[in-house]
Amino acid sequence: MPPPLAAKPKLKIATTSLSGCFGCHTSLCDIDERILELAEVAEFDRSPLTDIKHCSAHVDIGLIEGSVCNAENVHVLREFRASCKILVALGACAVNGGLPASRNALDVADCLQRVYCERGVGRHQVPNDPELPLLLDKVRPINEVVRIDYFIPGCPPSGDAIWKFLTDLIAGRMPRLEHGLLRFD
Ligand code: SF4
C-alpha cells in the first residue's frame with residue numbers, strides 16, 4: 001500500500017513577482033483554507049508569504065507573476081529558473097506581458113521625460129541613481145527570457161484555477177484548466 005501523501009518528503013514551492021501588482025499572489029491566497037491541505041504535502045520556499053529572499057538550491061515548483069520590465073527582473077527570473085524544476089508563468093503579465101506591456105508602443109525616454117519632468121513633482125529630473133534597475137526598452141513575457149513549463153492565464157487567475165493546477169501537478173496528472181476556470185477580467 002503506498003504511503004499517505006503526508007508521509008512523503010514535502011515538495012518545495014517558491015513564488016516571486018517581477019513587474020506585477022501582486023494580484024496573482026492575492027489569488028493564490030484565495031485558495032483559503034485549502035492552503036492547510038497544501039501544507040500537508042508542500043512547504044513554501046522563497047515567497048512573499050515566507051519573506052525568504054532567495055530560493056533553496058532545489059525547488060520543485062516555482063510560480064512567477066509579473067512581466068520583465070528591467071534588468072533586475074531579468075536577474076531574478078534567471079535565478080528563479082535555475083532553482084526551480086518546474087517553472088510556471090502565473091497570470092497575464094508573466095504569460096504575455098499583460099498590462100505593463102502597454103508601454104511597448106511608446107518610447108521609453110519620452111515616457112520618463114513626461115512622467116518625471118513634465119508631470120512630476122519636486123526635482124523635475126529623471127531619476128538616475130546607479131542602484132535603480134535599468135529599464136528595458138520593451139516589456140517582455142517571461143518565456144522570452146527563460147524556458148517555461150506551464151502557463152496559467154488570467155488577470156489574475158482565480159484561486160480555484162491555481163488550486164486545480166497545483167493539485168493536478170502534485171498528483172502527477174497533466175494540469176488541465178477547464179473553460180469555467182479560465183477568466184480574463
Ligand atoms: S496578471 Fe493581473 S493580477 Fe497578475 S500581476 Fe499582472 S496585472 Fe496583477
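Above this note sits the structure.
Residues numbered from 1 in each chain as written. Predicted model: local features only at pLDDT ≥ 70, side-chain atom pairs only at ≥ 80, totals over all residues. Heavy atoms only, no water.

1. Some remarks on the overall build of the protein chain
Item 1. Counting its regular elements, the protein chain contains 6 helices and 7 strands.
Item 2. Reading the helices (α) and strands (β) of the protein chain from amino to carboxyl end gives β-α-α-β-β-β-α-β-α-α-β-β-α.
Item 3. Seen along its three principal axes, the alpha-carbon backbone of the protein chain occupies a region of about 70 × 35 × 30 Å.
Item 4. When burial is assessed residue by residue, the protein chain has 39% of its 185 residues classed as buried.
Item 5. A sequence separation of at least 24 residues applies to 77% of the contacts in the protein chain between residues at least 6 apart.
Item 6. A total of about 10,800 Å² of accessible surface is found on the protein chain, and carbon and sulfur atoms cover 57% of it.
Item 7. Of note, the protein chain has its 20 positive side-chain charges centred 4 Å away from the centre of its 24 negative side-chain charges. (Helix = DSSP H or I, 4+ residues; strand = E, 2+ residues; numbered from the N terminus. Buried < 20%, exposed > 50% of the residue type's maximum accessible area, 1.4 Å probe, protein only. Contact = heavy atoms within 4.5 Å. Areas by Shrake-Rupley, 256 points an atom, 1.4 Å probe, with all protein chains shown as cover. Lys, Arg positive; Asp, Glu negative; His and termini not counted. Charge placed at Lys NZ, Arg CZ, Asp CG, Glu CD.)

2. Observations regarding the site of the ligand
Item 1. Inspection of the region around the ligand gives Gly20, Cys21, Gly23, Cys24, Glu65, Gly91, Ala92, Cys93, Gly154, Cys155 and Pro156 as its neighbouring residues.
Item 2. Listing elements by their share of the shell around the ligand, those giving two or more residues are α1 (23–29) and α4 (92–96).
Item 3. Its residues assigned to classes, the shell around the ligand shows 6 nonpolar, 4 polar and 1 charged. (Near = heavy atom within 4 Å. Nonpolar A, V, L, I, M, F, W, Y, C, P; charged D, E, K, R; others polar.)

3. What about the packing of aromatic side chains?
Item 1. This structure, assessed with the given rule, holds 1 aromatic pair.
Item 2. Here the aromatic rings of Tyr150 and Phe165 are separated by 5.4 Å at their centres, their planes lie at 75°, and the arrangement is edge-to-face. One end of the pair, Tyr150, is in strand β7 (residues 150–152); the other, Phe165, is in helix α6 (residues 159–170), with 15 residues separating them in the sequence. (Phe/Tyr/Trp six-rings, centres within 6.5 Å; stacked < 30°, edge-to-face > 60°.)

4. Overview of the packing of helix α2 (residues 34–41) against α6
Item 1. Two numbers describe how α2 lies on α6: the axes approach to 12 Å, and their chain directions differ by 20°. In terms of their interaxial angle, α2 and α6 are classed as roughly parallel. Considering only the axes of α2 and α6, their crossing is left-handed. Side by side, α2 and α6 meet where Arg34, Glu37, Leu38 and Val41 of the first sit next to Gly159, Asp160, Trp163, Leu166 and Ile170 of the second.
Item 2. Residue composition of the contact of α2 with α6, by class: 5 nonpolar, 1 polar and 3 charged. (Axes fitted to C-alpha atoms, helices over the stretch in contact; angles between N-to-C directions. Parallel < 35°, antiparallel > 145°, perpendicular 65-115°, else oblique. Left-handed = near helix turned anticlockwise from the far one by under 90°.)

5. A closer look at the pattern of salt bridges
Item 1. This model, assessed by the stated rule, comprises 11 salt bridges.
Item 2. In this structure, Lys12 engages Glu43 in a salt bridge whose closest nitrogen and oxygen atoms are separated by 3.9 Å. Here Lys12 is found in strand β1 (residues 11–17), whereas its partner Glu43 is found in strand β2 (residues 42–44), with 31 residues between them in sequence.
Item 3. What makes Lys12 partly exposed here is its relative accessible area of 23%. (Salt bridge = Lys/Arg side-chain N within 4 Å of Asp/Glu carboxyl O.)

6. Comments concerning the sheet that holds strand β3 (residues 59–65)
Item 1. Within the open sheet, the 5 strands sit side by side as β2-β1-β3-β5-β7. Their pairing is parallel. Each end of this open sheet is capped by a strand with a single partner; those strands are β2 and β7. Between one strand and the next, the sheet's axes are offset by a mean angle of 25°, whatever the strand orientation.
Item 2. Pairing of strand β5 (residues 84–90) with β7 involves 3 bridges; the strand directions are parallel. Across the sheet, residue Ala89 finds its bridge partner in β7, namely Phe151.
Item 3. Running over the sheet, α2 touches β1 and β2 and is turned about 105° from β2.
Item 4. Set on the sheet, helix α3 (residues 71–83) makes contact with β1, β3 and β5; between it and β5 the angle comes to about 135°. (Pairing = 2+ DSSP bridges.)

7. Section: α3
Item 1. With 13 residues, α3 extends 19 Å from end C-alpha to end C-alpha; this agrees with the ideal 18 Å at 1.5 Å per step.
Item 2. Listed as buried for α3 are Asn73, Val74, Val76, Leu77, Phe80, Arg81 and Ser83.
Item 3. Considering only its buried residues, α3 is in contact with β1, β3, β4 (68–70), β5 and β6 (135–140).
Item 4. Looking at where α3 begins, the residue whose side-chain oxygen comes 3.0 Å from the main-chain nitrogen of Glu72 is Asn70. (Expected span 1.5 Å × (residues − 1). Polar contact = N/O pair within 3.5 Å; in protein donor to acceptor, adjacent residues only side chain to side chain.)

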